[in-house]
Number of protein chains: 2
Amino acid sequence: MLEKFFSPRSVAIVGASREQGKVGHEIVKNLLLGGFEGQIFPINPKATTILGKKVYAKITDIPAEEVDLAIIVIPAQQVKDALIQCAQKGIKSAIVISAGFKESGKEGAQRERELLQTAQEYGIRILGPNCLGLINTSANLNASFSTEMPPKGNIAFFSQSGALGTAILDWAVGQKIGFSKFISLGNKADLAESSIMEALCQDHDSRVILGYLEGIEKGQEFLHKARQVSKVKPIIITKSGSTSAGTRAASSHTGSLTGSDVAFEAAFKQTGVIRARTIEELFNYALAFAYQPLPQGPNLAIITNAGGPGILAADAAEKNNLNLLFLSKETTDKLAALLPPAASVYNPVDILGDAKADRYQKTLEVVLEDPKVHGVLVILTPQAMTEIPQTAEVIGEMSMSTEKPILASFMGEYAVREGIERLAKYKIPNYSYPEHAIESFHTMWKYRRWQEQPPLTYVSLDADRERVRQIIEQVRKEGHLEIGDLKAREILAAYRFEVPFSRVAEDSSMAVALAEEIGYPVVMKIVSPDVLHKSDVGGVKVGLKTPEEVHAAFHEIMAKVRKFMPQALIQGVSIQKMYDGKREVILGMARDPQFGPLIMFGLGGIYVEVLKDVSFRIAPICREEAQAMITEIKSYPMLKGVRGQKPVDMNAIVDALLRLSQLAVDFPEILEADINPLIMKESGQGAVAVDARFTISPN
Amino acid sequence: MLEKFFSPRSVAIVGASREQGKVGHEIVKNLLLGGFEGQIFPINPKATTILGKKVYAKITDIPAEEVDLAIIVIPAQQVKDALIQCAQKGIKSAIVISAGFKESGKEGAQRERELLQTAQEYGIRILGPNCLGLINTSANLNASFSTEMPPKGNIAFFSQSGALGTAILDWAVGQKIGFSKFISLGNKADLAESSIMEALCQDHDSRVILGYLEGIEKGQEFLHKARQVSKVKPIIITKSGSTSAGTRAASSHTGSLTGSDVAFEAAFKQTGVIRARTIEELFNYALAFAYQPLPQGPNLAIITNAGGPGILAADAAEKNNLNLLFLSKETTDKLAALLPPAASVYNPVDILGDAKADRYQKTLEVVLEDPKVHGVLVILTPQAMTEIPQTAEVIGEMSMSTEKPILASFMGEYAVREGIERLAKYKIPNYSYPEHAIESFHTMWKYRRWQEQPPLTYVSLDADRERVRQIIEQVRKEGHLEIGDLKAREILAAYRFEVPFSRVAEDSSMAVALAEEIGYPVVMKIVSPDVLHKSDVGGVKVGLKTPEEVHAAFHEIMAKVRKFMPQALIQGVSIQKMYDGKREVILGMARDPQFGPLIMFGLGGIYVEVLKDVSFRIAPICREEAQAMITEIKSYPMLKGVRGQKPVDMNAIVDALLRLSQLAVDFPEILEADINPLIMKESGQGAVAVDARFTISPN
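Residues numbered from 1 in each chain as written. Chains lettered and ligands numbered in written order. Predicted model: local features only at pLDDT ≥ 70, side-chain atom pairs only at ≥ 80, totals over all residues. Heavy atoms only, no water.

Q: Which parts of the structure should I look at to understand the interface of chain A and chain B?
A: Frequently, the measure chosen for interface size is the accessible area that the parts lose on association. Contacts between the two partners involve 61 residues from chain A, matched on the other side by 62 residues from chain B. When the two sides are added together, the surface that chain A and chain B hide from each other amounts to roughly 4,800 Å², 62% of it contributed by carbon and sulfur. Counting across the interface, chain A meets chain B through zero salt bridges. Joining chain A to chain B, the criterion identifies 16 residue pairs in polar contact (both at pLDDT 80 or more). Looking at the side of chain A that touches chain B, the elements that each hand over two or more residues are helix H5 (162-175), helix H10 (279-291), helix H11 (307-319), helix H16 (434-452), helix H21 (606-609) and helix H23 (636-640) of chain A. Looking at the side of chain A that touches chain B element by element, the count peaks at nine residues for H5 of chain A. Considered class by class, the residues forming the side of chain A that touches chain B number 28 nonpolar, 20 polar and 13 charged. (Contact = heavy atoms within 4.5 Å. Buried area = accessible area lost by both parts, 1.4 Å probe. Salt bridge = Lys/Arg side-chain N within 4 Å of Asp/Glu carboxyl O. Polar contact = N/O pair within 3.5 Å; in protein donor to acceptor, adjacent residues only side chain to side chain. Helix = DSSP H or I, 4+ residues; strand = E, 2+ residues; numbered from the N terminus. Nonpolar A, V, L, I, M, F, W, Y, C, P; charged D, E, K, R; others polar.)

Dropping the structure here:
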């Protein structure tokens, strides 16, 4: 995939320039300086040679039979024509560096749409526009206007921000970190993160895929592709713009709790993509994955020549839920025999401030031999006796003969510099702060678990879709876009939710008869397509326990609603079984513009409204994801039961979440949904969806 | 303070050695290499010269009249004698480098106690034992065995871990960051963090105080001193061992929620000490405080030549609750006139990828002129046109003529290196990641607010202390260490809490009469010094609404308790007004081994037990601290009132917290306390302490 982008045999630069400093010049220069061995065809109607290369006036003038890749750096208005010329020459891959498209306003956006249309018409794939180009170190290809070409290596990186790309390349050059590919995505008119990830998945030079994104083009495609690719190679992404989503007008609980970041967070969880919260984390994780094998388990042994950093590391381990107490008796015995009496033979193993390289070596040997150890972090502080480069060599040598990951934290800067450089030669990642090493190890372990997890199955549930379709049609016909109460429960019933038995009474004696049939206590509510906020007009009465109360309530409701809303069409009063709402949950759905239906779960009332203790996933969800939604909320212990309470029926929640997911997938016209409350019964007894509300689109 | 430690005119090295690599040798060498200009007297009975310095056999042999400082590096067993010799020579300050004290076990701990005793007897102050020594760059004094001497500067640093100290000095040397003092605390037998902070407060060379601590010696002294010092200079501390507190046996809610870190967190909040969660944060904050003036407000303007990093910075600003929307219309107009049309003139100001130094300069000028701007972060990514060193110069020049702090984030490594070095010359801190710059600015602003806050007043509250003393005595006499129910409420009443009216009935007709007097509903509980868990033996009945129910309940309680605990002495059944517990809070107290009484606050029930939504402060607390405890919990909105509820009486909670704090301070023999529940009434109507439990010490 994208072979002609990454490893072209020949490249045309449309808009090549003689003038130094111009992008059209820099690109030709970078291609030459990078050592690209294919053919280079600068295109410029006014020049004859550029940097010693013969220049052609038009793309179609190029004498070669086939040209693999075009790099276009001419003004935005002319790009479309250039693309048509590319097609004439049979070029199917183009990098559009030129700016002046979507990023520059309305007119540019229109230009970008036309560009894409032309490209699709002629079967040309486009990277960009408004991008920095790409680099493929293994092909010595610097098809970008970044002058810096990182060393060869196995990290692939795509970036929605070109400038951030240059900063990261600069870091790679400074730190001598090897990269396989760098791809500047630009405006993502055609090629976007999903295709790039797919291509990098197949690329043998890339072991880990990094990305910086500000948005995602096609959310569902991303979910699909990322889930596949992340099973093969780790994908680590920093997504910015994570907080400023702000609040948008929303009619449901779910809607009001949904910031754009919530969808991303869910998407990353559901696809095994590793989220780096900052660029620093992106670097830290990248090094660990690029340099070291994945651990077979969570047990990290820490070796240190100083107590303080050992404590800092132990703190970080606890924060990452890593247990440090696993060294076997045999190991601690061996360590005790080996180390001075003042040393600590428990994890973190403190080999004391006077430890020289040989003590590091012997300790590392013993620790690596312990089958319970899945990885090692070696901490070094530069003390009077410390043999820094020698210790680095010793660690490096040991890493050659083990399958377990080894990370290092040589702390300081000046004295440890040479040691860190030697570590890098052995591909031992060094972290200035032990906390970062711990986080990186933990991330590797989490990723390994994801990789090993059997594939999830997404099943389609049985439901009476036709009935839901009818209800939506009917509501629309009545001129409404909100569905509540009876009709909402009918939708739920069609999706096999248990809903309370409920009937409409037309007069008070019918109300009493129905209440007797249903059993007390009951809830009574006005039934009218015109009354949306029933409580506000006195249209609801709860906890009615006797025929007299039901009788009186009927008349009171009718009188109040007639008074407040004399125009309202009244169809009667519903009588409904009242459930004990000791443990209620809320299920919801809102649509994210990038990812689509977002399913929400939380405990009812205060827990959602005040504490915002909710979890999210993007539909469709599978059983495991529904389960994770439940255990993820902080108030989960309340569902398990506190103070002697029995657990609620967790399976019933899982089922309800799956059904809501199915409904959201089946009916894109349902924009938002709240099932509130879903009243929980004890284990095995199910749950009742007492009330619900849906918002639908006008068409 | 500690003048003779920091700026001695003469130093004796007890245990100076001719042998290279030995600590006693390295210290003499470091003193000489550091350029110390005072007198140096190596002490060694077997040598005549060391590194060209004349050696004396005994301290008392030193010919000089006065010796200011002794550095002791002899075996632990001999240190006490050396100290006595110091006294004979009139030396009042000693650094004990020698190990083999508290850190090495029981025997060493005894040795350390004796050492301290000797020192106190002779009026000698000690730094150490088991420390690395100290460095005072302004006196060219390297009285440590760290070979690295950092450049001169205004950062003071004390460390409980010597090795971490060496790592930090190494960082300082590598990054060319200036330090004023480095003090290795070692075992803190005598001089500990509080005295050091006090001394550094008076030190004109130190502008910011950094510390690394694993524990605190005298918690209340620390609170007192840190509160004073932090008003003068920022104190930034990394405290390790923050998570591994684990659980300890505790009889109260408060006790079980108290990890050791909770006390530190409270102590830092109450003293204005800035807590750095990691060494990385410690560095980041140190640079900002050491190099730049404090901001006058929270408004940070961000200037960037790239969108991506601008978004990352904006994300970080939002996470730190910094509002970025404050640039005046005048400023944005000026920027619009100045910048290319594609630039963004709103904060973050995006001056585009082709920005050269002059565009940075003009933008910075306009932004700094805006009176609403309190500080600026300049972000630079190395792009094709970027003038990196020149831009650094421009920023540096601008910083000379403004009182506003300027921070920089030159991203990358190789290409930006020279720029960062130039920034450092102008004392502009550079952060590789804009997030760190934002956090540092926010920390500066928070510190400034702390500094400006008027001093807090701690008042002593009126209470019937004598009554409490009597109750405690009586309970102890009865052989109990737990106080509940009636007696607990009496203690509360003595501290002016409102407690429910409650009387003891000896028979059922008296019970009915009391209930009639109190008003229904009532709660009835067995009264017996032998029954601690009343509910477990059927000794509690709630919600009794009629004389018949009270009558029946009396007999039922008596029968059940007699059956389950036939030996129990029964004094009767208490009749108590039952309150509507719609909004309950819990107040608690537990004693932290380092800081003393820790006051807890949280909402009742689930909020404390499941969600652990609580806040802590160390007693004594003042009104402002009590208020902060209330607003800090996540469920605070519930106290303010949700769904149309009125707010509870916040003042009543504040008062209750102050009274509990007073009680904890007055009675150290009260080990733990739970006031649970404190039932809240509406604003102005107070609160009722319905139940409480205290644990007291045996003597």
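Q: Would you take a moment to explain the pairing of strand E13 (residues 235-239) of chain A for this structure?
A: It is a general feature of regular strands that their side chains alternate between the two faces of the sheet. Residues and elements named next belong to chain A. For E13, the tally of buried residues reaches five of five residues, placing the bulk of the element in the interior. Burial along E13 is two-sided: the face carrying Ile235, Ile237 and Lys239 and the face carrying Ile236 and Thr238 are both buried. Strand direction decides the pairing type here: strand E12 (residues 208-213) and E13, joined by five bridges, are parallel. Looking across to E13, one finds that Tyr212 is bridged to Thr238. Assessed by its sense of winding, the connection that carries the chain from E12 through helix H7 (residues 219-232) to E13 is right-handed. Note that E13 and strand E14 (residues 274-275) share two bridges and pair parallel. When the bridges of E14 are listed, Ile236 appears paired with Ile274. (Buried < 20%, exposed > 50% of the residue type's maximum accessible area, 1.4 Å probe, protein only. Pairing = 2+ DSSP bridges. Right-handed = clockwise from strand over helix to strand, strands pointing away.)

Q: What am I meant to see in unusual backbone geometry here?
A: Residues other than glycine predominantly adopt negative phi, and peptide bonds predominantly adopt the trans conformation. With an omega of -5°, the peptide bond between Gly128 of chain A and Pro129 of chain A qualifies as cis. Checked against the element boundaries, Pro129 of chain A lands in the loop between strand E7 (125-127) and strand E8 (133-136). Of note, the bond from Asn347 of chain B into Pro348 of chain B is cis; its omega dihedral lies within 30 degrees of zero at -5°. Tracing the chain through its elements places Pro348 of chain B in the loop between helix H12 (329-338) and strand E16 (349-350).

Q: Would you explain the packing of helix H3 (residues 76-88) of chain B against helix H4 (residues 106-122) of chain B in this entry?
A: For any two helices packed against each other, one specifies the inter-axial angle together with the distance between the axes. Residues and elements named next belong to chain B. Where H3 contacts H4, the axes come no closer than 10 Å and their chain directions differ by 0°. Classified by the angle between their axes, H3 and H4 sit roughly parallel to one another. Residues Ala76, Gln77, Val79, Lys80, Leu83, Ile84 and Ala87 of H3 pack against Arg111, Glu114, Leu115, Thr118, Ala119 and Tyr122 of H4. When grouped by side-chain class, the residues that make up the contact of H3 with H4 number eight nonpolar, two polar and three charged. (Axes fitted to C-alpha atoms, helices over the stretch in contact; angles between N-to-C directions. Parallel < 35°, antiparallel > 145°, perpendicular 65-115°, else oblique.)

Q: So what exactly am I meant to see when it comes to the packing of aromatic side chains here?
A: To describe a pair of aromatic rings, one takes the distance between the centres and the angle between the planes. Under the definition given, this model contains 20 aromatic pairs over all chains. Plain terms: the ring middles of Phe222 of chain A and Phe268 of chain A are 6.4 Å apart, the flat faces sit at 50° to each other, and that makes the pair tilted. Remark: Phe268 of chain A occurs in helix H9 (residues 260-271) and Phe222 of chain A occurs in helix H7; sequence separation between them is 46 residues. The burial state of Phe222 of chain A is the same as that of Phe268 of chain A; both residues are buried. An aromatic cluster is built from Phe222, Phe264, Phe268 and Phe595 of chain A, whose rings are joined through pairwise contacts. Over the face of the ring belonging to Phe564 of chain B we find Lys563 of chain B, whose NZ or CZ atom lies 5.3 Å from the ring centre. (Phe/Tyr/Trp six-rings, centres within 6.5 Å; stacked < 30°, edge-to-face > 60°. Lys NZ or Arg CZ within 6 Å of the ring centre and 35° of its normal.)

Q: What is the right way to read the packing of helix H6 (residues 193-202) of chain A against H7 of chain A from this model?
A: All names here are of chain A. At a minimum axis separation of 9 Å, H6 and H7 run at an interaxial angle of 20°. In terms of orientation, H6 and H7 fall into the roughly parallel class. Here H6 runs over H7; the crossing is left-handed. Contacts from Glu193, Ser194, Met197, Glu198 and Cys201 of H6 reach H7 at Glu221, Phe222, Lys225, Ala226, Val229 and Val232. Split by residue class, the contact of H6 with H7 holds six nonpolar, one polar and four charged. (Left-handed = near helix turned anticlockwise from the far one by under 90°.)

Q: I keep staring at the domain arrangement of chain A and nothing clicks. Help me out?
A: Partitioning chain A into structural domains gives domain 1 (3-288), domain 2 (293-452), domain 3 (501-577) and domain 4 (584-696). On a C-alpha basis, the centres of domain 1 of chain A and domain 3 of chain A stand 63 Å from each other. (Domains from an automatic or database assignment.)

Q: When you look at the pattern of salt bridges in this model, what are you seeing that I'm missing?
A: Note on pairing: side chains with opposite charge can pair once their charged atoms come close. Counted by the stated rule, this structure contains 88 salt bridges over all chains. Between Lys188 of chain B and Glu217 of chain B there is a salt bridge, with its nearest N and O atoms 3.5 Å apart. Of the two residues, Lys188 of chain B sits in the loop between strand E11 (179-184) and helix H6 (193-202) while Glu217 of chain B sits in the loop between strand E12 (208-213) and helix H7 (219-232), which places them 29 residues apart along the sequence. Relative accessible area serves as the criterion here: at 37%, Glu217 of chain B is assigned to the partly exposed category. For Glu265 of chain B, the salt bridge identified is with Arg277 of chain B, shortest N-O distance 2.9 Å. You can see Glu265 of chain B sitting in helix H9 (residues 260-271) and its partner Arg277 of chain B sitting in the loop between strand E14 (274-275) and helix H10 (279-291), a full 12 residues away along the chain. Because the salt bridges share partners, they merge into one network encompassing Asp485, Arg489, Lys525, Lys534 and Asp691 of chain A.

Q: Just checking my understanding: could you explain the sheet that holds strand E18 (residues 406-410) of chain B for this structure?
A: Across a sheet, paired strands are connected by hydrogen bonds in the backbone, their directions being either parallel or antiparallel. Residue and element names in this part refer to chain B. Strand order in this open sheet of four strands is E16-E15-E17-E18, and the pairing throughout is parallel. Unpaired on one side and paired on the other, E16 and E18 mark the two borders of the sheet. Sheet topology note: the strand E15 (residues 300-304)/strand E17 (residues 375-380) ladder contains five bridges and is parallel. Paired with Ala301 across the bridge in E17 is Val376. Across the sheet, helix H14 (residues 388-400) touches E17 and E18, and the angle it forms with E18 is around 170°.

Q: Explain the relation of the copies chain A and chain B here, please?
A: Each of the two chain copies can be brought onto the other by rotation about an axis and movement along it. With an RMSD of 0.1 Å, the operation that places chain A on chain B is a rotation of 180° combined with a shift of 0.1 Å along the axis. Put plainly, the chains are arranged around a two-fold axis. Here 100% of the contact residues of chain A are again contact residues in chain B; the copies associate through an equivalent surface. (Least-squares fit on C-alpha atoms with pLDDT ≥ 70 in both.)

Q: Teacher, can you tell me more about the environment of Ala342 of chain B here?
A: Summarising the element assignment, Ala342 of chain B is placed in the loop between H12 and E16. Along the primary structure Ala342 of chain B and Gln202 of chain B are separated by 140 residues, whereas in three dimensions their C-alpha atoms are 52 Å apart.

Q: What should I look at first to understand the environment of Arg277 of chain B in this one?
A: Residue and element names in this part refer to chain B. Given the relative accessible area of 41%, Arg277 is considered partly exposed. Taking the C-alpha atoms as reference points, Arg277 and Ile237, separated by 40 residues in sequence, lie 8.4 Å from one another. Once residues lying within four places of it in the same chain are set aside, the contact partners of Arg277 are Thr238 and Glu265. Among the polar contacts made by the side chain of Arg277, one reaches the side chain of Glu265 at a distance of 2.9 Å.

Q: So what exactly am I meant to see when it comes to the sheet that holds strand E6 (residues 93-96) of chain B here?
A: Residue and element names in this part refer to chain B. An order of E2-E1-E5-E6-E7 is seen for the five strands of this open sheet, with the pairing classed as parallel. In this open sheet, the two edge strands, each paired with only one partner strand, are strand E2 (39-43) and strand E7 (125-127). Sheet twist, expressed as the average angle between the axes of neighbouring strands with direction ignored, equals 20°.

Q: Mind showing me how you'd approach the state of the cysteines here?
A: A covalent bond between the sulfur atoms of two cysteines is what we call a disulfide. Counted under the stated rule, the structure contains zero disulfides over all chains. Free of any disulfide, Cys131 of chain A has its nearest cysteine sulfur in Cys86 of chain A, 14 Å distant. (Disulfide = S-S within 2.5 Å.)

Q: I'm lost on helix H2 (residues 23-33) of chain A in this one. Help?
A: Note: α-helices contain 3.6 residues per turn, so residues at a spacing of three or four share the same orientation. All names here are of chain A. Within H2 the residues assigned to the buried category are Gly24, His25, Glu26, Ile27, Val28, Asn30 and Leu31. The inward-facing, buried residues of H2 abut strand E1 (10-14), strand E2 (39-43), strand E3 (49-50), strand E5 (69-72) and strand E9 (141-144). Gly35 lies just past H2 and shows a positive phi near 90°.

Q: What is the right way to look at the nonpolar core in this model?
A: Of all hydrophobic cores here, the largest spans 215 residues; its most connected members are Ile13, Leu31, Ile71, Ile95 and Phe158 of chain A together with Ile95 and Phe158 of chain B. Ignoring any residue separated from it by four or fewer positions in sequence, one finds Phe158 of chain A in contact with Ile183, Leu185, Glu193, Ile196, Met197, Leu200, Ile209, Leu210, Gly211, Tyr212, Leu213 and Ile237 of chain A. (Core = buried A, V, L, I, M, F, W, Y, C linked by side-chain atoms within 4.5 Å.)

Q: Please explain the pairing of strand E27 (residues 670-680) of chain B as it appears in this structure.
A: Residues and elements named next belong to chain B. Most of E27 sits inside the fold, with nine of its 11 residues counted as buried. Here strand E24 (residues 584-592) pairs with E27 via six bridges, running antiparallel. Its bridge partner lying in E27, Glu584 is registered against Ile679. Summarising the sheet, E27 and strand E29 (residues 692-696) pair through five bridges and their orientation is antiparallel. Bridge pairing in E29 links Ile670 to Ile696. Taken together, the three bridges between E27 and strand E28 (residues 687-689) define a ladder with antiparallel strand orientation.

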